[in-house]
Amino acid sequence: TIDDQKGGYDTAKYLAARGHRNIGVIAGVSDNLHSIYRLLGYQTALFEEGIPFNPSWVFHGRWNRQSGYEGAKHLFCDQITALFCMNDDMAAGAYDFFYEQGLEIGRDISVIGYDNMVLSDYLHPSLTTSEIPLGEIGKKAVDMMLGILKGSGSAEQPAPTIRMPCTMIERKSVAVLENKAKE
């Protein structure tokens, strides 16, 4: 499985290291485990950075582009400098909203995604995002199944949960806030 908690943590740390302290979140549905763990990681990173958590800066949507648009509209205020979108489709919706407002992503507002979907490289500017190691997850699952089939594991005993970390793909959608970023 994906290490969602570490992914949310790494995303918030990445934004904080670039000087962002007012970081909104566009999450998936509130009872989804990916949303829960990514948000927990985000909150942990904020705590470590001494950044207060503001629950009103979290918007829960439906994992689609329209939810990203609605979330950006809901969270749009002078205080937020960055948005952590929990998937690239929602990030694309946030782009749509910010373009309508005349804002330049990567300069006036920062947006970061999650998934590294094909569209993330085609957005303008290209989207900084976390890449989910789907190939590695699939390979590990096959290796575990083959182990069970070959007799080195047991179908009756639960397999251990293996959490695979995501990799940050830096592109152009996150600004470094002058005189605020950590050295």
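Reference entry: report on the structure contained in this document. Given the structure is predicted, the values throughout are model-derived calculations rather than measurements. (Residues numbered from 1 in each chain as written. Predicted model: local features only at pLDDT ≥ 70, side-chain atom pairs only at ≥ 80, totals over all residues. Heavy atoms only, no water.)

## Thoughts on the nonpolar core
Line of reasoning, step 1. Membership of the largest hydrophobic core comes to 42 residues, with the highest contact counts inside it found for Ile26, Leu83 and Phe98.
Line of reasoning, step 2. Counting residues per element, the ones that place at least two in this core are α1 (4-17), β1 (23-27), α2 (33-49), β2 (58-60), α3 (65-75), β3 (82-85), α4 (88-100) and β4 (110-112).
Line of reasoning, step 3. Counting residues per element, this core draws most heavily on α4, which supplies 7 residues.
Line of reasoning, step 4. Sequence-distant contacts of phenylalanine 98, defined by excluding residues within four places in its chain, comprise Ala72, Phe76, Leu83, Leu103, Ile105, Ile109 and Val111. (Core = buried A, V, L, I, M, F, W, Y, C linked by side-chain atoms within 4.5 Å. Buried < 20%, exposed > 50% of the residue type's maximum accessible area, 1.4 Å probe, protein only. Helix = DSSP H or I, 4+ residues; strand = E, 2+ residues; numbered from the N terminus. Contact = heavy atoms within 4.5 Å.)

## What to know about unusual backbone geometry
Line of reasoning, step 1. Looking along the chain, the bond that leaves histidine 124 and enters proline 125 is cis, with omega of -5°.
Line of reasoning, step 2. The phi dihedral of tryptophan 63 falls on the positive side, at around 65°, and the residue is not glycine.
Line of reasoning, step 3. Its place among the elements puts tryptophan 63 in the loop between β2 and α3.

## Some remarks on the packing of aromatic side chains
Line of reasoning, step 1. Applying the stated rule across the entire model yields 8 aromatic pairs.
Line of reasoning, step 2. Seen in terms of ring centroids, tyrosine 69 and phenylalanine 97 are 5.6 Å apart; in terms of plane orientation they differ by 85°. Their pairing is edge-to-face. With tyrosine 69 in helix α3 and phenylalanine 97 in helix α4, this pair connects stretches of sequence that are 28 residues apart.
Line of reasoning, step 3. Take phenylalanine 97: its relative accessible area is 5%, and that puts it in the buried class.
Line of reasoning, step 4. Residues phenylalanine 97 and phenylalanine 98 carry aromatic rings whose centres are separated by 5.6 Å and whose planes lie at 65° to one another, so their mutual orientation is edge-to-face.
Line of reasoning, step 5. The rings of Tyr42, Phe53, Phe84 and Tyr114 are connected pair by pair, giving a single aromatic cluster.
Line of reasoning, step 6. Residue placement shows arginine 18 over the ring face of tyrosine 14; its charged tip is 3.5 Å from the ring centre. (Phe/Tyr/Trp six-rings, centres within 6.5 Å; stacked < 30°, edge-to-face > 60°. Lys NZ or Arg CZ within 6 Å of the ring centre and 35° of its normal.)

## Observations concerning the packing of α1 against α2
Line of reasoning, step 1. Direction vectors running N to C along α1 and α2 enclose 40°, while the axes themselves pass 6 Å from each other. By the criterion of interaxial angle, the relationship of α1 to α2 is oblique. Relative to α2, the crossing made by α1 is right-handed. Across the interface between the two elements, Asp4, Gln5, Gly8, Tyr9, Ala12, Lys13 and Ala16 from α1 touch His34, Tyr37, Arg38, Leu40, Gly41, Tyr42, Thr44, Ala45, Glu48 and Glu49 from α2. (Axes fitted to C-alpha atoms, helices over the stretch in contact; angles between N-to-C directions. Parallel < 35°, antiparallel > 145°, perpendicular 65-115°, else oblique. Left-handed = near helix turned anticlockwise from the far one by under 90°.)

## What about the pattern of salt bridges?
Line of reasoning, step 1. Scanning the entire structure with this criterion turns up 10 salt bridges.
Line of reasoning, step 2. The partner of aspartate 4 in a salt bridge is arginine 38, with the nearest N and O atoms 2.7 Å apart. In this pair, aspartate 4 is assigned in helix α1 and arginine 38 in helix α2, connecting sequence segments 34 residues apart.
Line of reasoning, step 3. A salt bridge links arginine 62 to glutamate 70, with the nearest nitrogen and oxygen atoms 3.7 Å apart.
Line of reasoning, step 4. For glutamate 70, a relative accessible area of 29% translates into the label partly exposed.
Line of reasoning, step 5. One salt-bridge network, in which partners are shared between bridges, spans Lys13, Glu48 and Glu49. (Salt bridge = Lys/Arg side-chain N within 4 Å of Asp/Glu carboxyl O.)

## Some points on the sheet that holds β2
Line of reasoning, step 1. Strand order in the open sheet formed by 4 strands is β2-β1-β3-β4, with parallel pairing between adjacent strands. Whereas interior strands pair on both sides, the edge strands pair on one side only; in this sheet they are β2 and β4. When strand polarity is set aside, the average angle formed by the axes of neighbouring strands in this sheet is 15°.
Line of reasoning, step 2. Seen against the sheet, α3 touches β1, β2 and β3 and runs at an angle of roughly 150° to β1. (Pairing = 2+ DSSP bridges.)

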